[in-house]
Amino acid sequence: VERGFFGESSVFDILRATVESRRQDPNGSDTWANLGSLKRSEYWRLPPHEFRGDSADARGFHPRLPPPDIQRMLFDAYFDKFNPQYPILHRGLFEQQLRDPAYGQDQHFLAIVLLVCALGESMLSPPDSRAAGTSKPTGWAHFEQVEPFLRVPTPGVPRLLDIQIWLLSAIFLSTTTDPVAVPWVLIGMALRMLFYIGAHRAMSYKDKPNLIDELWKRTFWCTVVGDRFYSSALGRPSGTLEETFDVGFPLEVDDDLWDISNPSENYPLKRPQPDGEPCSISFFIQLTRLSGILATAMRTIYSSNRSRVLMGFIGIDWEQKVITKLDAALASWLQELPPHLCWHPHRNDLTWQNQSASLHTTFYRIQILIHNPFTRSLPRSSAGSPPKGDNTTPVLSSQAVARSLTTCTKAALSCSRVLATQIRSGSHLVVHPSQTEGAFASGLTLLLSLFGAKKSFAKDSPYVRKMTTALRACMDTIALIEKSWKAVGRTW
């Protein structure tokens, strides 16, 4: 991966073809085989005023790390509560590098250590509490030391550490009072660096599985997933299109199956995942697949007419075509879930319970997102009409509108049951913004249904009581989440 990437539309692809053709010519000059020696340094070497990285952006960077016992507690919080959902780092390799004196001098690695501490601390304490000996909220004393790395991206080929700094910073900032807008921008910067490096193309990776390649893949897909969810939360276009990348998902193998004692081969895979044994990475693979359905919904239901036309959703019945396709994709996703991630309210393993709850609340949130625009039969320009044309058509028939209303209500009720189970079990764990949206969107959907029900049912009817109980579960969830994710309090 670790090189600059130039696609086929780039003029450098023509240069590459030219060089290769000359190298294959037996009568060609040796000059073509040694083009690097012809580089004129005044045009290739970065002048001091342009170089940021270690010498400028992070000049004077002297990290103030917590004591070892506190570090261990924060590392445990990060890797136990956060990394299973966003597997950006490999704990064994991270701790091995932490003991390596060479990494102790690497400012970018130390910035990663600080971000791990910041996120770990935010998992342990409410954001308004103060760290010992400081007036700053928990996590901020670590994060603010990393801010110089975020001012200007380092010129040249970015390293994996560079991109992980932007990604982890975006996720940490999602716990603050502006939980989406700023992270959305930082995620976009990480995406551009990943495209620069070619992490989005399968050709950038080695054929033999190794941990370094897997960490690049994990970082790429974590960034894509974050971009999709942040973009949908803001109602803005995503920075990625599926047709522009062909890199596969990370391998579904547990972290202890990588040989971190063999750096010469980039830490190869010791053995494959045993058949039938649940894998800790499976959750993230399924979340990534689910985010792909979300991306399709955003590009069809919530996009311009032109985008729908390009995807083949044309004519007065385009809405039904979109709904049918997305409903089928959701049903397929649910059917193909690994057994340990299917929803069971009385599961003993809290890790699988939390991961299953996270996936299912996200599933129901996306189901509501798909159907909500069609719960009102309002006129809208058809996908086949000009953007400013006068031709309008009803979105859906009254029967279709009723089906979408029913789907949204059922999804909200199902989501509330998952949330209520998590609250009762005491294993409540939310580290993804879509889960917060799931509680909020379900609560609003139930509230709207409750308003309508009160016109037809008595206040003490079983239906109204069911809706009220479900709404309370959503509100209780938000009250719990806001203790760690401050901005969630705005939705109460």
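What counts and how
- Residues numbered from 1 in each chain as written.
- Predicted model: local features only at pLDDT ≥ 70, side-chain atom pairs only at ≥ 80, totals over all residues.
- Heavy atoms only, no water.
- Helix = DSSP H or I, 4+ residues; strand = E, 2+ residues; numbered from the N terminus.
- Buried < 20%, exposed > 50% of the residue type's maximum accessible area, 1.4 Å probe, protein only.
- Areas by Shrake-Rupley, 256 points an atom, 1.4 Å probe, with all protein chains shown as cover.
- Axes fitted to C-alpha atoms, helices over the stretch in contact; angles between N-to-C directions.
- Parallel < 35°, antiparallel > 145°, perpendicular 65-115°, else oblique.
- Contact = heavy atoms within 4.5 Å.
- Nonpolar A, V, L, I, M, F, W, Y, C, P; charged D, E, K, R; others polar.
- Core = buried A, V, L, I, M, F, W, Y, C linked by side-chain atoms within 4.5 Å.
- Left-handed = near helix turned anticlockwise from the far one by under 90°.
- Phe/Tyr/Trp six-rings, centres within 6.5 Å; stacked < 30°, edge-to-face > 60°.
- Lys NZ or Arg CZ within 6 Å of the ring centre and 35° of its normal.
- Salt bridge = Lys/Arg side-chain N within 4 Å of Asp/Glu carboxyl O.
- Polar contact = N/O pair within 3.5 Å; in protein donor to acceptor, adjacent residues only side chain to side chain.
- pLDDT = per-residue confidence, 0-100.

On to the overall build of the protein, then. Helix and strand counts for the protein stand at 17 helices and 2 strands. Residues counted as buried form 49% of the 492 residues belonging to the protein. Of the accessible surface of the protein, which amounts to about 24,000 Å², a share of 56% is contributed by carbon and sulfur atoms.

Here the focus is the packing of helix α11 (residues 282-300) against helix α13 (residues 318-335). For the pair α11 and α13, interaxial distance at closest approach is 11 Å and the crossing angle is 175 degrees. For the element pair α11 / α13, the angle class is roughly antiparallel. Here α11 contributes Q286, R289, L290, I293, T296, A297 and T300 to the contact with α13, which in turn contributes W318, V322, L326, A329, L330, S332 and W333. The class makeup of the residues in the contact of α11 with α13 is 9 nonpolar, 4 polar and 1 charged.

A few words now on the nonpolar core. Among the nonpolar cores identified, the biggest contains 108 residues, and Y78, F82, I88, F94, W216 and F220 are the most heavily contacted of them. Residue contributions to this core peak at 12 residues, all from helix α6 (residues 107-124). Setting aside residues no more than four positions away along its own chain, F220 makes contact with L194, F195, A199, H200, F245 and V247.

What follows is about the packing of helix α4 (residues 91-98) against α6. Put simply, α4 and α6 touch, their axes get as near as 11 Å, and they point 125 degrees apart. With respect to their mutual orientation, α4 and α6 come out oblique. Between α4 and α6 the crossing geometry is left-handed. Each of F94, Q97 and L98 in α4 lies in contact with α6, whose residues at this interface are F109, I112, V113 and V116. Taken together, the residues that form the contact of α4 with α6 break down as 6 nonpolar, 1 polar and no charged.

Attention shifts here to the packing of aromatic side chains. Each aromatic ring pair is summarised here by two numbers: the centre-to-centre distance and the angle between the ring planes. Here the structure, examined in full by the defined rule, presents 16 aromatic pairs. Their ring planes at 80 degrees and their centres at 4.9 Å tell us that Y78 and F79 sit as a pair that is edge-to-face. Across the pair, F79 and Y78 agree in class, each one buried. The exposure class of Y78 is buried, given its relative accessible area of 0%. Put simply, the rings of F75, Y78, F79, F82, Y86, F94, Y103 and F109 touch in pairs and so form one group of aromatic residues. The lysine or arginine in question, R236, covers the ring of W184, its NZ or CZ lying 4.7 Å from the ring centre.

Attention shifts here to unusual backbone geometry. Backbone geometry at N266 places phi at a positive 60 degrees, although glycine is not the residue there. Mapped onto the fold, N266 is located in the loop between α10 (211-234) and α11. The exposure class of N266 is partly exposed, given its relative accessible area of 23%.

One pass over the structure, following the stated rule, counts 14 salt bridges. For E95, the salt bridge is made with R91, and the minimal N-O distance between the two is 2.9 Å. With E95 and R91 both in helix α4, this residue pair falls 4 residues apart, about one helical turn. For E95, a relative accessible area of 16% translates into the label buried. Through salt bridges that share partners, R72, D76, D80, R91 and E95 make up one connected network.

This part takes up the side chain of T375. If you trace the backbone, T375 turns up in the loop between α14 (350-371) and β1 (379-381). Side-chain polar atoms of T375 contact the backbone oxygen of N372, separated by 2.7 Å.

Further remarks concern the environment of F374. Inspection of the secondary structure assignment puts F374 in the loop between α14 and β1. Exposure remark for F374: the relative accessible area of 0% places this residue in the buried category.

On average, residues of the protein score 81 in pLDDT, and 72% of them are at 70 or above. No element of the protein has a lower mean pLDDT than strand β2 (residues 392-394), at 37, and none a higher one than α4, at 96. Across residues 7-11 the pLDDT falls below 50, and counting only partners more than four positions away or on other chains, this stretch makes 2 contacts in the model. Every residue in residues 49-57 scores below 50 in pLDDT, and together they form 16 contacts with partners more than four places removed in sequence or on other chains.

The complete set of buried residues in α4 reads L93, F94, E95 and Q97. Those residues of α4 hidden inside the fold are in contact with α3 (68-82), α5 (101-104), α6 and α10.

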